[in-house]
Structure formats: C-alpha cells, structure tokens
Amino acid sequence: MSSTIDSTVIDTPVGPFAILAGPDGAVRAAGFTADPANLLPLVHPSLRGTVGQRPGLGPITAAVAAYLGGDLAAIDDVPVEQHTGGVFMSHAWQVLRGVKPGEPITYTGYAALAGRPAAVRAAAAACARNAAALFVPCHRVLRTDGALGGYRWGLPVKRWLLDHERGAGTAVRHYK
C-alpha cells in the first residue's frame, strides 16, 4: 500500500454509494455499498492504500449530487484512475465514458464502439471488471435482447440508474 485513499459514502435514492479517491482527486473505485472497505479489493494493487473516511470529496461529491439532481453530465469530467494491465480494457473504459445517459447500448454495440466488434466477451469483461461504477457507466450496457444483463451492485440498482437517466426530462422507461 503506497498512498492514502480518501473515502466517503453518499445517500442516494437507491441506497448508499461509496467512493474511493486517490490523493490527486481521481476516483479509484465507486459502488453501491455502505462500506468503502468493500471497494478496496476492486482497486488495482498498485493503486491501493490506507483508506481514510471523509464527510465529502469536494468536486466528486458535488458531481454525484448534481447527477442525482438531474444534471446527468455532471459526472462526465470527474477523473477516474483504474489499471488492468490490458490495453483493450483501459480503452474500453474510456469508450464507455462516452456512452450518453438515456441512450444505453448492447454489449455488441459496446464492442464495436471499442473498435473490436467481434470482442463481445471482452467488452462484457470490461464491464465486469470496472471498479468505478457510475463514473464509468457500465450500467448503460444491456444484453442484445434488451434485458438488463448483470450488474455488480444488483439489477434493481441498474434499473434505477437507467430509469433515472431516461427520466431526466423525458418519460421514464422501465427496462426488462
């Protein structure tokens, strides 16, 4: 463990949301859990450190609050730092940050956007290994048949996020 990681937990309509951020202010992990320690195993070993609790994380906390309040683009510029050792995975996460709220894509579409249309399983693996939920919006990827597929934080959370994004300014659509 090489550095200190700041953590906070934010109350959301769908449950507690914990965030881990490095000393540079970049999100290293985030997810729908009340215990930030649950996120530490998701952080690449080279980015782990001693976790300290804070009441808020300044611009990160403000961006989440704005997102929850309907400004869905508020989280777009929050810096994220994840490592995998794989070029495709890192690229796929950057591509995923460009998927717009209210416009979910399929795993097949995600693989194509990432430049490897035949790599649907690799695209699904990028979602599964994403440590920075919400900021790298893996919840915006659906199965080819339109079903929700999986989500580390549970399908009710994924459904709520999609409905929230779809409903910000438009009629709410409920996903399968």
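Residues numbered from 1 in each chain as written. Predicted model: local features only at pLDDT ≥ 70, side-chain atom pairs only at ≥ 80, totals over all residues. Heavy atoms only, no water.

Colleague: Help me understand unusual backbone geometry in this model?
Modeller: For residues that are not glycine, phi is negative in most cases, and the peptide bond is trans in most cases. Of note in this structure, Leu134 is not a glycine but carries a positive phi near 80°. Looking at the secondary structure, you find Leu134 in the loop between α4 (120-129) and β6 (141-142). Classification of Leu134 by relative accessible area gives buried; the value is 2%. (Helix = DSSP H or I, 4+ residues; strand = E, 2+ residues; numbered from the N terminus. Buried < 20%, exposed > 50% of the residue type's maximum accessible area, 1.4 Å probe, protein only.)

Colleague: What's the story with the side chain of Arg140 in this structure? I'm lost.
Modeller: Looking at the secondary structure, you find Arg140 in the loop between α4 and β6. Under the relative-accessibility criterion, Arg140 is labelled buried at 1%. Only 2.6 Å separates the side chain of Arg140 from the backbone oxygen of Val99, close enough to count as a polar contact. Discounting residues that sit within four places of it in the chain, Arg140 has contacts with Tyr67, Ile75, Val99, Lys100, Pro101, Pro104, Ile105, Leu162 and Glu165. (Polar contact = N/O pair within 3.5 Å; in protein donor to acceptor, adjacent residues only side chain to side chain. Contact = heavy atoms within 4.5 Å.)

Colleague: Before we go on, may I ask you to explain the pairing of strand β1 (residues 3-12) in this structure?
Modeller: Each regular strand displays side chains that alternate between the two surfaces of the sheet. Most of β1 is tucked away, with 7 of its 10 residues classed as buried. Looking at chain direction, β1 and strand β4 (residues 49-53) are connected through 5 bridges and run parallel. Note that in β4 the partner of Ile5 across the bridge is Val51. Relative to strand β2 (residues 15-21), β1 runs antiparallel, the two being bridged by 7 bridges. Bridge pairing in β2 links Thr8 to Ile19. Hairpin remark: β1 followed by β2, antiparallel, with 2 residues in the connecting loop. (Pairing = 2+ DSSP bridges.)

Colleague: What is the right way to look at the nonpolar core in this model?
Modeller: Note on soluble globular proteins: their nonpolar side chains tend to be buried together. With 50 residues, the main nonpolar core has Ile19, Tyr110 and Phe135 as its most contacted residues. For this core, the secondary structure elements donating two or more residues are β1, β2, β3 (27-31), α1 (59-68), α2 (87-96), α3 (107-113), α4 and α5 (155-167). It is α2 that provides the largest number of residues to this core, a total of 6 residues. Apart from the residues lying within four places of it in its own chain, the contact partners of Ile19 are Asp6, Ser7, Thr8, Ile10, Val27, Ala29, Ala30, Leu39, Leu57, Ile60, Val64 and Phe135. (Core = buried A, V, L, I, M, F, W, Y, C linked by side-chain atoms within 4.5 Å.)

Colleague: How should I be thinking about the packing of aromatic side chains in this particular structure?
Modeller: Two descriptors summarise a pair of aromatic rings, namely the distance from one centre to the other and the angle between the planes of the rings. In the structure shown here, the tally under the stated rule is 2 aromatic pairs. Relative to Phe32, the ring of Phe17 has its centre 4.7 Å away and its plane inclined at 50°; by these criteria the two rings are tilted. Highlighted residues: Phe17 in strand β2 and Phe32 in the loop between β3 and β4, separated in sequence by 15 residues. Judged by relative accessible area, which is 0%, Phe17 ranks as buried. Using a relative accessible area of 12% as the deciding quantity, one classes Phe32 as buried. Summarising the aromatic geometry, the rings of Phe17 and Phe135 are spaced 6.2 Å apart at their centres and angled 40° between planes, so their arrangement reads as tilted. Taken together, the residues Phe17 in strand β2 and Phe135 in the loop between α4 and β6 connect sequence positions 118 residues apart. (Phe/Tyr/Trp six-rings, centres within 6.5 Å; stacked < 30°, edge-to-face > 60°.)

Colleague: Explanation requested: the sheet that holds β4 in the structure shown.
Modeller: Whenever strands of a sheet pair, they do so through backbone hydrogen bonds, lying parallel or antiparallel. Spatially, 4 strands are ordered β3-β2-β1-β4 in an open sheet, and the strand pairing comes out mixed. Every other strand in the sheet has two partners, leaving β3 and β4 as the edge strands with one partner each. Across the sheet, the mean angle separating the axes of adjacent strands is 25° when strand polarity is ignored. Inspection of the sheet shows β2 paired to β3 by 4 bridges, in the antiparallel sense. (Axes fitted to C-alpha atoms, helices over the stretch in contact; angles between N-to-C directions.)

Colleague: How should I be thinking about α1 in this particular structure?
Modeller: Think of an α-helix as 3.6 residues a turn; residues three or four steps apart then line up on the same face. When we look at burial in α1, the residues that qualify are Ile60, Thr61, Ala63, Val64 and Tyr67. Taken down its axis, α1 places every buried residue within 160° of arc, on the same side. Elements that come into contact with the buried residues of α1 comprise β1, β2, β3 and α5. Of the residues trailing α1, Gly70 is marked for its positive phi of about 115°. (Arc of directions from axis to C-beta.)

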